[in-house]
Amino acid sequence: MKLLTFKRDGAIAAGYLDGEDVVICAEGPGADRAVGDLVAEGAAGVARWASLDAAQRAPLASVTLLAPMPEPRRDIFCVGKNYRAHAAEFHSSGFDSSAREVVPSEPVIFTKATTSVVGPGADVLGSLDHTGTVDYEGELGVVIGQRAFQVSKTRAMDHVFGYVVMNDVTSRELQRRHNQWVIGKGIDTFCPMGPYLVSADEIADVGALELETRINGEVRQKATVADLIFDIPTLIETMSRTMTLLPGDVIATGTPVGVGIGFTPPKYLQRGDLMQVSITGLGVLENRIA
């Protein structure tokens, strides 16, 4: 099931995609939390929505999409340098010169604020980065469906509800200035997510998913999820070893080679630039720098 949160006629609603239509399952007060609530219910929630009257629908083209979970309950968990070629380009850029390892031996985990989340089509406010070093990072987002504490790799995927396209937009200079990456990564509007959340049962082989990022139509990034240094089960095992992952938690799994800082000179984003991140079966996430 492809889950969406959207606006129509000024009201927030939620539902699922059915061809070129959206089946409306919640509308009005509380609808902004409906997808998150369904994730917590798991398969029972999906079955409940599927059993609702499918006649309550609207053309997809008639609604304004928001992030599937517009206000996540917790900050977004992110993984740094999780593709080998990207780790190398990041190190070569000089921004990572103090790191002891080019390729990390353990996952590098940081967070983005919930207030950084925006949906497809929303403007990314590059003007909030006073250093003028805005960069893109297309990523696969993993959404936790079941509470996970000290979960082994062999059971980790049982705790995944589904997947979403993400863009870990970053101020490179603020990232460099602060040893902790939160300030450079957690800027308002710097975490586009969408267009929908796809339940795991629709993805036969997550490793085969191909990610592609285009800037103004030019392909900058292209990789498969199988190229991750630390795969999804390893990330869940590592993170849940000492902290509990909750339903609705989002893990951005890392970005492949081809980010702006990797070019000489760097190709930072400018006002009006169009970012398009696509992943097989998960749709295309489009946002413009404003």
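Residues numbered from 1 in each chain as written. Predicted model: local features only at pLDDT ≥ 70, side-chain atom pairs only at ≥ 80, totals over all residues. Heavy atoms only, no water.

Caption draft 1: Representation of the overall build of the protein chain. The secondary structure content of the protein chain amounts to seven helices and 20 strands. Per-residue burial over the protein chain gives 54% buried out of 290 residues. Within the protein chain, residue pairs in contact and separated by at least 24 positions form 75% of the contacts whose partners lie at least 6 positions apart. For the protein chain, the exposed area adds up to about 12,200 Å²; of that, 49% sits on carbon and sulfur atoms. Between the mean site of the 26 positive side-chain charges and the mean site of the 36 negative ones, the protein chain shows a separation of 4 Å. (Helix = DSSP H or I, 4+ residues; strand = E, 2+ residues; numbered from the N terminus. Buried < 20%, exposed > 50% of the residue type's maximum accessible area, 1.4 Å probe, protein only. Contact = heavy atoms within 4.5 Å. Areas by Shrake-Rupley, 256 points an atom, 1.4 Å probe, with all protein chains shown as cover. Lys, Arg positive; Asp, Glu negative; His and termini not counted. Charge placed at Lys NZ, Arg CZ, Asp CG, Glu CD.)

Caption draft 2: The arrangement of the environment of Ala-26 in detail. Structurally, the position occupied by Ala-26 is in strand E3 (residues 21-27). When the C-alpha atoms of Ala-26 and Asp-135 are compared, they prove to be 36 Å apart, with 109 residues separating the residues in sequence. If near-sequence neighbours (up to four positions away) are discounted, Ala-26 is found in contact with Ala-13, Ala-14, Ala-31 and Ala-34.

Caption draft 3: Region of interest: the packing of helix H1 (residues 34-41) against helix H2 (residues 43-50). Viewed as axis vectors pointing N to C, H1 and H2 meet at an angle of 125°, and their least axial separation amounts to 5 Å. In terms of orientation, H1 lies oblique with respect to H2. Between H1, through Ala-34, Val-35, Leu-38 and Glu-41, and H2, the contact on the second element is made entirely by Ala-43, Ala-44, Gly-45, Val-46, Arg-48 and Trp-49. Among the residues making up the contact of H1 with H2, the classes are represented as seven nonpolar, one polar and two charged. (Axes fitted to C-alpha atoms, helices over the stretch in contact; angles between N-to-C directions. Parallel < 35°, antiparallel > 145°, perpendicular 65-115°, else oblique. Nonpolar A, V, L, I, M, F, W, Y, C, P; charged D, E, K, R; others polar.)

Caption draft 4: Local environment of unusual backbone geometry. Looking along the chain, the bond that leaves Gly-194 and enters Pro-195 is cis, with omega of 10°. Along the chain, Pro-195 falls in the loop between strand E14 (191-192) and strand E15 (197-199). Note that the residue after Thr-264, namely Pro-265, is joined by a cis bond; omega there is -10°. As for its position among the elements, Pro-265 is in the loop between strand E18 (250-252) and strand E19 (274-279). You will see that Gln-150, though not glycine, has its phi angle at about 50°, which is positive. Relative accessible area serves as the criterion here: at 55%, Gln-150 is assigned to the exposed category. Even without being a glycine, Asn-216 presents a positive backbone phi close to 50°. Residue Asn-216 is classed as partly exposed on the basis of its relative accessible area of 47%.

Caption draft 5: Inspection of the pairing of strand E2 (residues 11-18) at higher detail. Across six bridges, the pairing between strand E1 (residues 2-8) and E2 is antiparallel. Residue Leu-4 lies in a different strand from E2, and its bridge partner there is Gly-15. Alignment of E2 against E3, held across six bridges, turns out to be antiparallel. Within E3, the residue paired with Tyr-16 across the bridge is Val-23. The turn joining E2 and E3, which pair antiparallel and follow one another in sequence, is formed by two residues; a positive phi near 65° is taken by Gly-19. (Pairing = 2+ DSSP bridges.)

Caption draft 6: Looking closely at the pattern of salt bridges. Tallied over the entire structure, the rule returns 21 salt bridges. Note that Glu-137 is salt-bridged to Arg-172, the shortest N-O span being 2.8 Å. Of this pair, Glu-137 sits in the loop between strand E10 (134-135) and strand E11 (138-144) while Arg-172 sits in helix H5 (residues 172-177); the two residues are 35 residues apart in sequence, bridging distant segments of the chain. No difference in accessibility class separates Glu-137 from Arg-172, as the two residues are buried. Between Arg-220 and Glu-218 there is a salt bridge; the shortest N-O distance is 3.2 Å. Glu-218 gets classed as partly exposed once you look at its relative accessible area, which sits at 37%. One salt-bridge network, held together by shared partners, links Lys-112, Asp-135, Glu-137, Asp-168, Arg-172 and Lys-185. (Salt bridge = Lys/Arg side-chain N within 4 Å of Asp/Glu carboxyl O.)

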